[in-house]
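What follows is the residue order along each chain.
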Amino acid sequence: MIRVRSGLHACFALGVSFTNPSFSQSIGNAGTIRGSVVDPSGAVLRGAVVEVQNPVSGYDRTSPSDAQGDFVFNNIPFNNYHLTVSATGFQSREQDVDVRSGVLVDLGKIALSVGTQITSVTVTDAGDLVETDPTTHSDVDRALFDKLPLESASSSLSSLVTLATPGVAADSNGLFHGLGDHASNSFSVDGQPITDQQSKVFSNQIPVDSVQSMEVIEGAPPAEYGGKTSLVLVVTTRSGLGETTPHGDVTASYGTFGTGNGGFDLAYGQKSWGNFISASGLDTGRFLDGPEYQVFHDHGNEENFFDRVDFKPSANDSINLNLGFTRSWFQTPNSYDAQTASAWNGLVVDNGGLGPDGLTVGSQDQRSKIRTFNIAPVWTRVLSPEAVFTFGGFVRQDQYNYYPSSDPFADFTPDLQSATVGQNRRLTNAGLRTNIAYVKGINNVKVGAMYEHTFLTERDTFGLVDPTANAPCLNADGSADTDPSLTNPAACGGGALQANIGQGTVPAFIPLLACYDLTRTATLPASDGCPNSTSEEYEYFGRTDIKEFAFYAQDTITWHNWSFNLGLRFDKYNGITSAAQGEPRLGVAYNIKPTNTVLRVSYARTMESPFNENLILASLGCNDPVVVAFQTLVAGGACVTTAPLSPGHRNEFHAGLQQAFGRYLVIDGEYIWKYTHKAFDFSVLGNTPITYPIEWQSSKIPGYAIRATVPNYHGLTAFVVMSSVAARFFGPQVAGIGSAPGGESVFRIDHDEVFNQTTHLQYQPFKNRPWVSFNWRYDSGLVAGPVPCAGGNCANGPNGTDSIVDVSGLTPDQQFEGGLYCGTVHATPTTPISSNGLCPASMYGSIYVSIPAAGTENDDHNPPRIAPRNLFDAAIGDDDLFHTERYKWSARLTAINLMNKEALYNFLSTFSGTHYVSPRAITATLGFHF
């Protein structure tokens, strides 16, 4: 068995020389393997079958040698591979090949001996299952995730990462939290950095149809990665280079919630050029995860286009271009309250379903539209057999529009949304990147630089639609008066009405907010200084740009059984604030070959850059008096600082072990410890759908992540990923608009989860025969929002007692969404658990939330959590229905949440509110492949 480490070094190790002065190469996160097949006399062998595979990731490609005996594999994701060469009448030849850079791995001439061909390829050494790499990561190839039942058709990439990667907490709407941080993840797509959020309420993800392979880095990131590094997703897209026979797929599916999906992809090319193109469309009645298990107002559609062009104008030059465009349009799911517009039909205002303008208030009808385009050209130049130069650019833009209901008063949802809101936000990220990869002997060196310029534009409109939020007068019982004709406390007149100067839980009247209170119909007092005599919506506008520069140098040194990652990165951030930092990255791994054990430790210093989504509002909003006034209406939401968000810094340590057991099982696990100074989270603007980043003083995140893989055992492949990650944040809040959690000194953020795991089983006893696939996902539950409880840190019973729970702050529907009950009385959308909102603590509980016992709640050690849930998914399919050679038909049937489990992702989360997991969804798919 021969392990080849790199280009020229590989050729000398085999005792061969180059037969061609030209060199091939690939872009970004992929390499190239090349060689030629000869017989014992040195004559070329045409039609020899060359196979490259990785049993852990599932990567498997086959190519015949051409008339000159040559073979080439382009676009090979960085990994170690097992290569087999076979031909009729000859003995097969096997060896290991390690692809770790864009420098060509040239295997030279591979001579086959005369003899009997080995017809089946197997991994003959358990050492093939382990990697001597100091950076812990998970490799997932298309061959694996093609058959993986994925929960979300509109964010399949998020679903794939959540199911196949340890350390990931699942959240609603395609959001995933890597290793205890709020969505602090970055993508490297063919080398292009994407550090902005990729959930489907922020941006459109790259379509999973365009992905060939993915490496998810959970360990300390190498020096080439920066910005947001809790998880780094290194994506290699599909290519048509060298695909001399056109091949592609046409698929169509239909399923539950009226979900229809259609797609097309085609790969075609020659030795000097190639094109891969894909297009797909989705229409569904459940686009987002809703606040009710029953779907209300949740229609959406999405269209994707991706094109990758590869062109080699000369033997040493390559030009590559990635093009992408995605458009999504979707409704904001309604709660029962929002669907029935009960806020204006007795729940808050007894006005017979009419708004203050006298018109009927219908259901909420909030919608969003997101358009994303990406252009990324790259030029690659082979400088020598050991060195490759890369220079590329990119322009990516997200344009996000949020549309309120046509009747603004329909947007009022008690305790959740007190204002009607519109938003037009644009994020344009443009940049240049360059690097030189040099591989020789024991060294694999990469030196590079990157410049990014991000242009941000935010335009927000909002107006009050809650008549109790800024009432000028109070009734005799201290409640807010909702008479729309009253706009001035001077008109309260005493007696039954008193001027509102603040009483109990009712905030004092703010004259400035009266300018933007749409529930008041009378002329405004001139003394309020309003821009108009009657109330109207307020518009907030902000524009800024952010410049980022990075330089890095790293070297992977392979010496005997040792591997060392040595790197240094320098980041300069210049936006609303400025920061610069040097960041060492270190890693060591040792391979105990007799036992197939790899031990590793690593360290990284990183600069954590602020989130770009609504960054202007978050950083400068507390300088705007209207924004400040809106925030005073939210408990704990007042502006406590006017400091803008600035980059934080992190020290993280990882220690891990990888162990192969025979040829059929490998286990990879690590312990993680991260300490961040200035740690980021998200909050919402004054009970509206506008979310923005905030910054806490620090965070400590310890945990572990484990992945076990069964590569292939008589047609059975399987993996198990599991993790436990704590997310402890420390106040005070140091930047951004005030956050609803308030000023706790230590608390668990709402993406803290004690334990989660995914078990995936896939069985196909014979190639080109039917297969079955099964997922089991267990989540112990994220930290929940402010669920009513008694005692401890949430003493909300009468006089702060531990024996009574007060749930009167929640509507009956919100109690129903949380599964609350008092004894045998369970909340319904229209009936609370008690008429007075009080329940003895001994009789109080929830079927969806684990609520601490009375007097035991603690924001750090015993917070309320979403109840544990087990979800099961299954799929069955046949990739060759009629057993044909050239043109094939496929069919599959997928069931998500097979047992139709009712469960929550989160409840009253500060960031995202309440969301249910998907009900059972069954989808049938038919495909044609050529």
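Reading the values: the criteria
- Residues numbered from 1 in each chain as written.
- Predicted model: local features only at pLDDT ≥ 70, side-chain atom pairs only at ≥ 80, totals over all residues.
- Heavy atoms only, no water.
- Pairing = 2+ DSSP bridges.
- Helix = DSSP H or I, 4+ residues; strand = E, 2+ residues; numbered from the N terminus.
- Axes fitted to C-alpha atoms, helices over the stretch in contact; angles between N-to-C directions.
- Contact = heavy atoms within 4.5 Å.
- Phe/Tyr/Trp six-rings, centres within 6.5 Å; stacked < 30°, edge-to-face > 60°.
- Lys NZ or Arg CZ within 6 Å of the ring centre and 35° of its normal.
- Disulfide = S-S within 2.5 Å.
- Buried < 20%, exposed > 50% of the residue type's maximum accessible area, 1.4 Å probe, protein only.
- pLDDT = per-residue confidence, 0-100.
- Core = buried A, V, L, I, M, F, W, Y, C linked by side-chain atoms within 4.5 Å.
- Polar contact = N/O pair within 3.5 Å; in protein donor to acceptor, adjacent residues only side chain to side chain.
- Salt bridge = Lys/Arg side-chain N within 4 Å of Asp/Glu carboxyl O.

Participant: Looking at this model, I keep getting lost on the sheet that holds strand β15 (residues 231-237). Mind explaining?
Facilitator: The pairing of strands in a sheet comes from backbone hydrogen bonds and takes either a parallel or an antiparallel form. The mixed open sheet is built from 5 strands, whose spatial order is β9-β14-β15-β12-β13. For this open sheet the edge positions go to β9 (137-141) and β13 (192-194), each flanked by a neighbour on one side alone. The average angle at which neighbouring strand axes cross in this sheet is 20°, direction not considered. Relative to β15, strand β12 (residues 185-189) runs parallel, the two sharing 5 bridges. Within β15, the residue paired with S186 across the bridge is V232. Along the sheet face, helix α3 (residues 156-164) touches β9, β12, β14 (211-217) and β15 and points at about 50° away from the line of β14.

Participant: Looking at this structure, how should I read the packing of aromatic side chains?
Facilitator: The way to describe two aromatic rings as a pair is by their centre distance and the angle between their planes. Counting across every chain of the model gives 30 aromatic pairs. With 4.9 Å between their ring centres and 10° between their planes, F287 and F330 make a pair best called stacked. Residue F287 is located in the loop between β18 (273-284) and β19 (300-314), and its partner F330 is located in strand β20 (residues 317-331); the two are separated by 43 residues in the primary sequence. Ring plane angle 25° and centroid distance 6.0 Å describe the contact between F774 and F872, whose orientation is recorded as stacked. Here F774, found in strand β38 (residues 771-779), pairs with F872, found in strand β46 (residues 869-878); they are 98 residues apart in sequence, far enough to count as distant. By way of ring pairs, the aromatic residues F202, F611, F680 and F682 are connected into one cluster. One cation-aromatic arrangement involves K228 over F611; the distance from NZ or CZ to the ring centre is 5.4 Å. A cation over an aromatic ring shows up here: R707 above the ring of F719, its NZ or CZ 4.6 Å from the ring centre.

Participant: What am I meant to see in the state of the cysteines here?
Facilitator: Disulfides are covalent bonds that link the sulfur atoms of two cysteine residues. Scanning the model with the defined rule gives 3 disulfides in all. The residue that forms a disulfide with C473 is C492, at a sulfur-sulfur distance of 1.9 Å. The sign of the -90° torsion about the S-S bond sets the C473-C492 disulfide as left-handed. With C473 in strand β25 (residues 473-474) and C492 in the loop between β25 and β26 (498-499), the pair connects residues that are 19 residues apart, well separated along the chain. Residue C473 shares its accessibility class with C492, and that shared class is buried.

Participant: Any chance you could explain the confidence of the model for the protein chain here in plain terms?
Facilitator: Counting all residues, the mean pLDDT for the protein chain is 89, and 93% of those residues have values of 70 or more. Under a pLDDT of 50 for its full length, residues 1-23 has, in the predicted model, 58 contacts with residues more than four places off or in other chains. Confidence drops under a pLDDT of 50 for residues 119-124, and excluding neighbours within four residues, the segment shows 14 contacts in the predicted structure.

Participant: Sorry, what's going on with the nonpolar core here?
Facilitator: Nonpolar side chains in soluble globular proteins tend to be buried together. Within the largest apolar cluster, 49 residues are counted, with the highest numbers of intra-cluster contacts made by F462 and L685. One finds L163, A164, L179 and V216 within the second-largest nonpolar core, a separate group that totals 29 residues.

Participant: Can you walk me through the pairing of β38 in this structure?
Facilitator: On any regular strand, side chains alternate: one points to one face of the sheet, the next to the other face. Residues of β38 alternate between two faces, with W771, S773, N775, R777 and D779 buried on one and V772, F774, W776 and Y778 left unburied on the opposite face. Pairing analysis gives 8 bridges linking strand β37 (residues 753-763) to β38, with the strands arranged antiparallel. Each bridged residue has a counterpart across the sheet, and for Q757 the counterpart in β38 is Y778. The pairing of β38 with β46 spans 9 bridges and is classified as antiparallel. Bridged to D779 within β46 is R869.

Participant: Teacher, can you tell me more about the sheet that holds strand β40 (residues 820-822) here?
Facilitator: Ordered in space as β41-β40-β43, the 3 strands form an open sheet in which the pairing is antiparallel. Two strands bound the open sheet, and with one partner strand each, they are β41 (825-826) and β43 (844-846). Both β40 and β43 contribute to a ladder of 3 bridges, which runs antiparallel. Paired with C822 across the bridge in β43 is Y844.

Participant: In this structure, what is going on with α3? I would like to understand it.
Facilitator: Residue pairs three or four apart in sequence face the same way in an α-helix, which turns once every 3.6 residues. In terms of burial, α3 is largely enclosed, as 9 of its 9 residues are buried. Buried within α3 we find S156, L157, S158, S159, L160, V161, T162, L163 and A164.

Participant: Quick question: what am I supposed to make of the side chain of Q397 here?
Facilitator: Along the chain, Q397 turns up in strand β22 (residues 387-403). Residue Q397 is classed as buried on the basis of its relative accessible area, which comes to 13%. Side chain to side chain, Q397 and T428 meet in a polar contact 2.8 Å long. Every residue in contact with Q397, bar those within four places of it in the chain, is listed here: R371, T372, F373, R426, L427 and T428.

Participant: I would appreciate a short explanation of the pattern of salt bridges in the present structure.
Facilitator: Pairing between side chains of opposite charge can happen when their charged atoms approach one another. All told, the structure shown has 34 salt bridges when counted by the stated rule. One salt bridge connects R34 with D106, and the closest N-O pair in it is separated by 2.5 Å. In this pair, R34 is assigned in strand β2 (residues 30-38) and D106 in strand β8 (residues 105-111), connecting sequence segments 72 residues apart. Three or more residues joined by partner-sharing salt bridges are found here, namely R728, R748, D752, D860 and R865.

Participant: Help me understand the pairing of strand β24 (residues 443-464) in this model?
Facilitator: Across 22 bridges, strand β23 (residues 419-440) lies against β24 in antiparallel orientation. Note on β24: the bridge partner recorded for K440 is N443. The loop that links β23 with its antiparallel partner β24 comprises 2 residues; one of these, G441, has a positive phi angle of about 60°. Judged from the 20 bridges that link them, β24 and strand β27 (residues 538-559) form a sheet pairing that is antiparallel. Its bridge partner being in β27, K446 is matched across the sheet by Q554.

Participant: Explanation requested: unusual backbone geometry in the structure shown.
Facilitator: Glycine aside, a negative phi is what most residues show, and trans is what most peptide bonds show. That bond from G731 to P732 is cis: its omega, 10°, falls within 30 degrees of zero. Residue placement: P732 occurs in strand β35 (residues 728-735). Unlike most non-glycine residues, N596 shows phi in positive territory, near 55°. Given the relative accessible area of 15%, N596 is considered buried. The backbone phi angle of L908 is positive, close to 50°, even though this residue is not glycine.

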